[in-house]
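# Descriptive analysis of the structure
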Protein chains: 4
Amino acid sequence: MLKIGDKEFKSRLFTGTGKFSDNATMKAALEASESELVTVALKRVDTDNEDDDILRHLGHERINLLPNTSGVRDAKEAVFVAQLAREALGTNWVKLEIHPDPKYLMPDPIETLKATEELAKLGFIVLPYIHADPVLCKRLEDAGTSAVMPLGAPIGSNRGLRTQDFLEIIVEQSNVPVVVDAGIGAPSDAAKAMELGADAVLVNTAIAVSPNPVEMGVAFKMAVEAGRMAYEAKLAQAKNFAEASSPLTGFLDEL
Amino acid sequence: MLKIGDKEFKSRLFTGTGKFSDNATMKAALEASESELVTVALKRVDTDNEDDDILRHLGHERINLLPNTSGVRDAKEAVFVAQLAREALGTNWVKLEIHPDPKYLMPDPIETLKATEELAKLGFIVLPYIHADPVLCKRLEDAGTSAVMPLGAPIGSNRGLRTQDFLEIIVEQSNVPVVVDAGIGAPSDAAKAMELGADAVLVNTAIAVSPNPVEMGVAFKMAVEAGRMAYEAKLAQAKNFAEASSPLTGFLDEL
Amino acid sequence: MLKIGDKEFKSRLFTGTGKFSDNATMKAALEASESELVTVALKRVDTDNEDDDILRHLGHERINLLPNTSGVRDAKEAVFVAQLAREALGTNWVKLEIHPDPKYLMPDPIETLKATEELAKLGFIVLPYIHADPVLCKRLEDAGTSAVMPLGAPIGSNRGLRTQDFLEIIVEQSNVPVVVDAGIGAPSDAAKAMELGADAVLVNTAIAVSPNPVEMGVAFKMAVEAGRMAYEAKLAQAKNFAEASSPLTGFLDEL
Amino acid sequence: MLKIGDKEFKSRLFTGTGKFSDNATMKAALEASESELVTVALKRVDTDNEDDDILRHLGHERINLLPNTSGVRDAKEAVFVAQLAREALGTNWVKLEIHPDPKYLMPDPIETLKATEELAKLGFIVLPYIHADPVLCKRLEDAGTSAVMPLGAPIGSNRGLRTQDFLEIIVEQSNVPVVVDAGIGAPSDAAKAMELGADAVLVNTAIAVSPNPVEMGVAFKMAVEAGRMAYEAKLAQAKNFAEASSPLTGFLDEL
């Protein structure tokens, strides 16, 4: 079973709360997905209101909240927001997102490493969103990260696993769980990430913007399970030559 | 529900019987996959023996046999084998496979069209294995085919959907079910085929040669369902720009 | 040197005459490309007019005309047009294009084979535009074709070599020159086709619709030469592991 | 014309000196490539010997040396080696390569940024080899880098432009020249890098390990020029629909 920090997860599908048309749809889709870890931007939480609407919709006992630092531009801001989130939501889990560039939202490797170091020292369970950079992943391990979240493609692009070559190296080398984040646009992408050995995937946009988020949540759930099962059962390698599935030669000659 | 000829299928995963280590494993994997249509090379059936072993292992009530013509080199041989199969197995279904080239097993478009015409006239339910050729698919329709089975990649290569550009055109234009056959090496490939609108997939090698064919059968079953559900729920398009899943700008400024 | 029928070609870049903004630009671009074989739709030729404008612009001594049958829907029409072209233009060369579907312009394998047989008997040098179907290529050889022209991607799509897996098989098996036609959108695509062993490429749209067709003609010329040279010099294989270009270990230890 | 630091380059093909079978072949291939910037591992230079063999083979007046720090594991070692190289070779140019991992040779973003800052302050012209990380590129600019050298694929893998999605973002955002380094296995890859707007490419393995390094050097030279010319002339976009190059409808109806 997947374990991050001190928690065990039956589901390897992590989800997000952005871009849904409304909170009721979000709630229904996330429950259908059976996701146990759901990221939420601290900004969206009304920290002064005990009955905050988004939190009320995430109240399912299966769901663990993963506050993210979306909107911060450097390590200092990230640490501050993580502390706010800990106080407001009562969790020491944090998804680090530090992207100074508002157009492509690519993560900053330097500030992310710095923030990971600090937050780990402060007792946080840190899951940093990063480029699919194998060396950065190892340095984050040294800094005390609890998982790494390399991107598959630019956030929200739905382009799938454009970083596959590097994800394979990361999976091979990692001592912490690898969660593929960003770019996963279809269940087949999620299945592929699991097939190549990722420990989990985080999907948000592809579920939220589908015309049928609930069905799409189920589709991703099944695809993640299928991909994981295939990884465990082991796939055959791609071949350079065709090979007959059925016996071939001289069939009629033998009749 | 998928309908081919006069039969309805709950499962959109068709399977094959080649390359399994033994018949008991084959039986277990095919049952686990919940496949309802299973292709078998006529050559492997001992037509003189009522207790033929491979058939006995395919005796599950859910399973319909789809005899294939693997090993024939032209339309004449194919028609002959289809007739033998009808007599031996009591089914008018036939998977046409005409590949004169023993190395790459690529199908012959000319002989396949000719055999389809003849077999349709003879009352067969014909499912021809073909290159992903959109015009050939339309001509097979005119000739009375019951489905088309374009390849994803060379047989047994496990390379996935290398013909995607053409499968999309075929799906858009087809009036008969489209079954993607050959090349599907992983559940993610099967899911992708379904996402782009295929009516079913045929998987053999990837299940049969896995170290754990039973688990792999289940993985494909789930992936096919996931891909079909995503197709029905509708996927978002791939985008050229990243888009934040979480709200972005000016977070800290507002605190 | 490339030989098709009885002609030898220094240039392995074949070109087309469609979509240029005007004839003067076309003339300049084709001359800059140093192309020696230029396809032209018979329809565009004013067969009653000796001073037909498009032909006047193709009058360079290096240029051989390759009339095409664009617009025909079956073998009968194709043979008729080829004969018209022979009379009007005084050449027995013909590029067969039979695409009944006006949307995707995918070629018809059955009619193309039929027309090739007839035209070869009638003494034509036939270059058929086809899907990247290895078995069809072999049958066209048997029918007397002088070359095969498999597509890289749908005409005008500029998507590059989407049929690479099949082009490789075609190149390996072919006894006549292989000319990759359609889909080549950039000089890098043309270079890649040559690297994998194509004998020539045909490029039209990518040159004609560029804002600078003359420069683009030169760029394609160089790319085709580069790709061919690399094919002859032999490329190294793609590897699964990184390998240092520079010596690595223990550098400082040795100082 | 490409300008890096205070030097102008006619050639946009940078090369390396590793893996050649012998120095004479290296010399011939590099001269044939017309490369003006050639990277050499300091370790390979015999700094005590004025007649060092490798240097003597790089003595062509067109060639500028670019010593690299291959073999170092952190910023401190890199700065030290850069200083040694400056003294030994009389150049303040340096290609930063810091890869602690001996298997995949992926570069370290943190140490590379640190070394770039220091070396820029010490008056070096720094060209850092990095992952295709758009944010890191911007930070290197702030640190005073003279160019960025993002990788296309793991070093020596010959897999081509696996990082294309990210190279496009880097090219769009960069204020310093972008040199694609590593992974370029064929002239078509080099052409593609140039087409998408890279300022130059660095090629080593693909030339050095070819059975014909001299011809391969020429092939890369032409491909780089072709790709650059296409970039300047502007390519058409890939399209989702086929479009006829030749006029289509109703041809025979009009006859």
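Conventions we followed
- Residues numbered from 1 in each chain as written.
- Chains lettered and ligands numbered in written order.
- Predicted model: local features only at pLDDT ≥ 70, side-chain atom pairs only at ≥ 80, totals over all residues.
- Heavy atoms only, no water.
- Helix = DSSP H or I, 4+ residues; strand = E, 2+ residues; numbered from the N terminus.
- Buried < 20%, exposed > 50% of the residue type's maximum accessible area, 1.4 Å probe, protein only.
- Contact = heavy atoms within 4.5 Å.
- Areas by Shrake-Rupley, 256 points an atom, 1.4 Å probe, with all protein chains shown as cover.
- pLDDT = per-residue confidence, 0-100.
- Least-squares fit on C-alpha atoms with pLDDT ≥ 70 in both.
- 1 Å grid on protein atoms, 1.4 Å probe; cavity = no way out; pocket = protein on both sides within 12 Å on 5 of 7 lines; lining within 4 Å.
- Points joined across faces, edges and corners; volume = space filled by probe spheres on them.
- Nonpolar A, V, L, I, M, F, W, Y, C, P; charged D, E, K, R; others polar.
- Axes fitted to C-alpha atoms, helices over the stretch in contact; angles between N-to-C directions.
- Parallel < 35°, antiparallel > 145°, perpendicular 65-115°, else oblique.
- Left-handed = near helix turned anticlockwise from the far one by under 90°.
- Buried area = accessible area lost by both parts, 1.4 Å probe.
- Salt bridge = Lys/Arg side-chain N within 4 Å of Asp/Glu carboxyl O.
- Polar contact = N/O pair within 3.5 Å; in protein donor to acceptor, adjacent residues only side chain to side chain.
- Disulfide = S-S within 2.5 Å.
- Core = buried A, V, L, I, M, F, W, Y, C linked by side-chain atoms within 4.5 Å.
- Pairing = 2+ DSSP bridges.
- UniProt positions renumbered as here; feature names shortened; annotations may be inferred.
- Phe/Tyr/Trp six-rings, centres within 6.5 Å; stacked < 30°, edge-to-face > 60°.
- Lys NZ or Arg CZ within 6 Å of the ring centre and 35° of its normal.
- Right-handed = clockwise from strand over helix to strand, strands pointing away.
- Expected span 1.5 Å × (residues − 1).

### Observations regarding the overall build of chain A
- A tally of helices and strands in chain A yields ten helices and ten strands.
- Within chain A, the fraction of its 255 residues that count as buried is 65%.
- Sequence-distant contacts, at least 24 apart, represent 64% of the contacts inside chain A between residues at least 6 apart.
- Accessible surface computed for chain A: about 9,000 Å², of which carbon and sulfur atoms make up 45%.

### Digging into the confidence of the model for chain A
- Mean pLDDT for chain A: 90, with 89% of residues reaching 70 or above.
- Complex prediction metrics read pTM 0.92 and ipTM 0.91.

### Thoughts on the relation of the copies chain A and chain D
- It takes a turn of 180 degrees to lay chain A on chain D, together with a shift of 0.0 Å along the axis; the resulting RMSD is 0.0 Å. Taken together, the rotation and translation relating the two chain copies correspond to the operation of a two-fold axis. In terms of C-alpha distance to the rotation axis, chain A has A:Ile110 as its closest residue, with the C-alpha 3.1 Å off the axis.
- With an isologous cut-off of 70% or more, the 100% of interface residues of chain A that recur at the interface of chain D puts this contact in the isologous class.

### Here's the deal with the environment of D:Ala233
- Within the element layout of this structure, D:Ala233 appears in helix α9 (residues 213–233).
- Relative accessible area serves as the criterion here: at 0%, D:Ala233 is assigned to the buried category.
- Setting aside residues no more than four positions away along its own chain, D:Ala233 makes contact with C:Ser210, C:Pro211, C:Asn212, C:Glu215 and C:Met216.

### Quick notes on the layout of surface pockets
- Considered as a void within the structure, the second largest pocket measures approximately 290 Å³ in volume.
- What lines the second largest pocket is a set of 16 residues, and nearest its centre among them are D:Lys10, D:Ser11, D:Arg12, D:Lys221 and D:Glu225.
- Of all the secondary-structure elements, those providing two or more residues to the lining of the second largest pocket are α9 (213–233) of chain C together with α9 of chain D.
- Among the elements that line the lining of the second largest pocket, the one with the most residues is α9(D), at six residues.
- Residue classes in the lining of the second largest pocket are distributed as four nonpolar, two polar and ten charged.

### A short note on the packing of helix α7 (residues 187–195) of chain B against helix α9 (residues 213–233) of chain B
Residue and element names in this part refer to chain B.
- Two numbers describe how α7 lies on α9: the axes approach to 7 Å, and their chain directions differ by 25 degrees. Between α7 and α9, the angle falls in the class roughly parallel. Considering the relative orientation of α7 and α9, their crossing is right-handed. Of α9, the residues touching α7 (which contributes Pro187, Ala190, Ala191, Met194 and Glu195) are Met216, Ala219, Phe220, Ala223, Val224, Gly227, Arg228, Ala230 and Tyr231.
- Broken down by class, the residue content of the contact of α7 with α9 amounts to eleven nonpolar, one polar and two charged.

### Thoughts on the environment of B:Val38
All names here are of chain B.
- Mapped onto the fold, Val38 is located in strand β4 (residues 37–41).
- Overall, the relative accessible area of 0% leaves Val38 in the buried class.
- Expressed as a C-alpha distance, the spacing of Val38 and Leu202, which sit 164 residues apart in the sequence, is 8.8 Å.
- With near-sequence residues (within four places) excluded, Val38 lies in contact with Thr15, Thr17, Leu30, Leu58, Ile63, Asn64, Leu65 and Leu66.

### As for the interface of chain A and chain D
- Each partner contributes residues to the interface: chain A has 29 residues there, and chain D has 29 residues.
- In this assembly, chain A packs against chain D so that about 2,500 Å² is buried in total across both faces, 61% of it on carbon and sulfur atoms.
- When residues of chain A are sorted by the area they lose upon contact with chain D, A:Ile110, A:Asp165 and A:Phe166 head the list and together hold 22% of the total.
- Residues A:Asp108 and D:Arg139 are paired through a salt bridge, measuring 3.0 Å at the closest nitrogen-oxygen approach.
- At the boundary of chain A and chain D, one finds 16 residue pairs in polar contact (both at pLDDT 80 or more).
- Put simply, the parts of the chain that give the side of chain A that touches chain D at least two residues each are α4 (109–121), α5 (134–142) and α6 (164–173) of chain A.
- A class-by-class count of the residues in the side of chain A that touches chain D yields 16 nonpolar, three polar and ten charged.

### Side note on the state of the cysteines
- This structure, assessed with the given rule, holds zero disulfides over all chains.
- C:Cys137 takes part in no disulfide bond, and the closest cysteine sulfur, belonging to B:Cys137, lies 18 Å away.

### A word on the nonpolar core
- Ranked by internal contacts, the top residues of the largest apolar core, which has 110 residues, are B:Val201, B:Phe220, C:Val201 and C:Phe220.
- When residues no more than four places from it in sequence are discounted, the contact partners of B:Val201 are B:Arg12, B:Leu13, B:Phe14, B:Val179, B:Val180, B:Ile184, B:Ala190, B:Ala193, B:Met194 and B:Val224.
- Ranked by size, the runner-up nonpolar core spans 109 residues in total, among them A:Leu58, A:Met216, D:Tyr129 and D:Ile155.

### Let's talk about the pairing of strand β5 (residues 64–68) of chain C
All names here are of chain C.
- The buried fraction of β5 is high, at four of five residues.
- Judged from the five bridges that link them, strand β4 (residues 37–41) and β5 form a sheet pairing that is parallel. Paired with Ala41 across the two strands is Asn68, which belongs to β5.

### Focus on helix α7 (residues 187–195) of chain A
- Of all nine residues making up α7(A), eight are buried, and the element is well covered by its neighbours.
- Residues A:Pro187, A:Ser188, A:Asp189, A:Ala190, A:Ala191, A:Ala193, A:Met194 and A:Glu195 constitute the buried set of α7(A).
- Residues of α7(A) that are buried sit in contact with β9 (179–181), β10 (200–203) and α9 (213–233) of chain A together with α7 and α9 of chain B.
- One or two steps after α7(A), the chain reaches A:Gly197, where phi turns positive at roughly 110 degrees.

### Details of the UniProt feature "active site" (unreviewed entry) in chain A
Residue and element names in this part refer to chain A.
- Mapped onto this structure's residue numbering, the UniProt feature "active site" (unreviewed entry) falls at Lys95.
- On the secondary structure map, Lys95 appears in strand β6 (residues 93–96).
- Leaving out residues up to four positions away in the same chain, Lys95 has contacts with Thr39, Leu66, Pro67, Asn68, Thr69, Leu127, Tyr129, Met149, Asp181 and Leu202.

### What about the packing of aromatic side chains?
- All chains considered together, the criterion is met by eight aromatic pairs over all chains.
- Considering the side-chain rings of B:Phe9 and B:Phe14, the 5.4 Å spacing of their centres and the 55 degrees angle between planes classify their relative orientation as tilted. Each member of the pair, B:Phe9 as well as B:Phe14, carries the same accessibility label: buried.
- Here the aromatic residues A:Phe9, A:Phe14 and A:Trp93 are joined through ring pairs into a cluster of three or more.
- The ring of D:Tyr129 is capped by D:Lys95, whose NZ or CZ atom sits 5.4 Å from the centre of that ring.

### Description of the pairing of β10(A)
All names here are of chain A.
- Burial of the side chains of β10 extends over both faces: Ala200 and Leu202 are buried on one face and Val201 and Val203 on the other.
- Relative to β10, β9 is paired through three bridges, and the arrangement is parallel. Residue Val179 lies in a different strand from β10, and its bridge partner there is Ala200.
- Regarding the hand of the β-α-β motif, the stretch spanning β9, α7 and β10 is right-handed.

### Points about the environment of A:Arg228
Residue and element names in this part refer to chain A.
- The topology assignment puts Arg228 in helix α9.
- By relative accessible area, Arg228 is classed as buried at 15%.
- For the pair formed by Arg228 and Glu195, sequence separation is 33 residues and the distance between their alpha carbons is 5.9 Å.

### Side note on helix α3 (residues 75–89) of chain A
All names here are of chain A.
- Taking 1.5 Å per residue, 15 residues should reach 21 Å; α3 reaches 21 Å between its end C-alpha atoms and fits that length.
- Burial in α3 covers these residues: Ala75, Glu77, Ala78, Val79, Val81, Ala82, Ala85 and Leu89.
- You can read the cap of α3 off the contacts: a side-chain oxygen lies 3.3 Å from the backbone nitrogen of Lys76, and it is on Asp74.

### Brief notes about the pattern of salt bridges
- Inspection of the entire model under this criterion finds 56 salt bridges over all chains.
- Between C:Arg139 and B:Glu111 there is a salt bridge; the shortest N-O distance is 2.9 Å. Taken together, the residues C:Arg139 in helix α5 (residues 134–142) and B:Glu111 in helix α4 (residues 109–121) connect one chain to another.
- Across the salt bridge formed by C:Lys114 and C:Glu111, the nearest N and O atoms sit 3.5 Å from each other. Of this pair, C:Lys114 and C:Glu111 both sit in helix α4 (residues 109–121), three residues apart, which is roughly one turn of the helix.
- Note on C:Lys114: relative accessible area 39%, which makes it partly exposed.

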